[in-house]
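Examining the three-dimensional arrangement
Below are the chains, spelled out letter by letter.
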Amino acid sequence: MSLTVTLQEKMPHVYVLYPVGPLDANTFQVLEKKVDFLLGEGQAKAITFDMAGVHYISSMGIRVVVKAKKQLKQQGGALSMMNLQPQVRKVFEIINALPSLQIFTSIEEFDDYLTEMQRQTVQGKQ
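The structure reproduced in this document is the subject of the present report. This one's a predicted model, so the numbers in the text were calculated from it and none came from an experiment.

Brief notes about the sheet that holds strand β1 (residues 4-11)
Hydrogen bonds between backbone groups are what pair the strands of a sheet, and the pairing can be parallel or antiparallel. Reading across from one edge, β1-β2-β3-β4-β5 is the order of the five strands in this open sheet, with mixed pairing throughout. The open sheet terminates on both sides in strands that have one partner only, identified here as β1 and β5 (102-104). Sheet twist, expressed as the mean angle between neighbouring strand axes with direction ignored, is 25 degrees. Two strands pair when backbone bridges link them, and strand β4 (residues 78-82) and β5 are joined in this way by three bridges, in the parallel orientation. Following the sheet pairing, Met81 is matched in β5 by Ile103.

As structure tokens, then:
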């Protein structure tokens, strides 16, 4: 089975990635290439993985997420996840990765977060 990844720029340098399919040793490079592009040419400050379409994740998939989180943090950015399938969420709980990630239950909750983040930024400049 293959993995497809689409992306949406929610605002400048803020992206949502939508992987669909298994995220494993055979497919992780598809997601990794998108993430590498966003961190390089896309100058991403925030990346959210919408994991609704991912029903399986292996250690290679986890590596992509953890690597992206580390790189974003070094650049002053943030990584978040939303819509995790129960079995995928369990994997992250087992490796204790969830407490340090921002996870959203829906695109609406994510949009509310982005709105609040922008509001706080604007207020901080005043």
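Concerning the side chain of Asp24
Along the chain, Asp24 turns up in the loop between β2 (14-20) and α1 (28-39). No salt bridge forms around the buried Asp24; measuring N to O, its nearest opposite-charge neighbour Arg63 is 12 Å away. Among the polar contacts listed, one links the side chain of Asp24 to the backbone nitrogen of Asn26, at a separation of 2.9 Å. Non-local contacts of Asp24, meaning those with residues more than four positions away in its chain, are made with Tyr56, Ser58 and Met60.

Regarding the pairing of β4
Among the five residues of β4, four are classified as buried, and the element is accordingly described as predominantly covered. Judged from the five bridges that link them, strand β3 (residues 46-50) and β4 form a sheet pairing that is parallel. Bridge pairing links Phe49 to Met81 in β4. Note that the unit made of β3, helix α2 (residues 59-74) and β4 has a crossover that is right-handed.

With respect to the pairing of β3
Most of β3 is tucked away, with five of its five residues classed as buried. Alternating positions in β3 separate into two faces, Ala46, Thr48 and Asp50 on one and Ile47 and Phe49 on the other, with burial throughout. As paired strands, β2 and β3 are joined by four bridges and run parallel to one another. Bridge pairing in β3 places Leu17 opposite Phe49. For the handedness criterion, the β-α-β arrangement of β2, α1 and β3 is classed as right-handed.

Cut-off values and rules
- Residues numbered from 1 in each chain as written.
- Predicted model: local features only at pLDDT ≥ 70, side-chain atom pairs only at ≥ 80, totals over all residues.
- Heavy atoms only, no water.
- Pairing = 2+ DSSP bridges.
- Helix = DSSP H or I, 4+ residues; strand = E, 2+ residues; numbered from the N terminus.
- Axes fitted to C-alpha atoms, helices over the stretch in contact; angles between N-to-C directions.
- Buried < 20%, exposed > 50% of the residue type's maximum accessible area, 1.4 Å probe, protein only.
- Lys, Arg positive; Asp, Glu negative; His and termini not counted.
- Salt bridge = Lys/Arg side-chain N within 4 Å of Asp/Glu carboxyl O.
- Polar contact = N/O pair within 3.5 Å; in protein donor to acceptor, adjacent residues only side chain to side chain.
- Contact = heavy atoms within 4.5 Å.
- Right-handed = clockwise from strand over helix to strand, strands pointing away.

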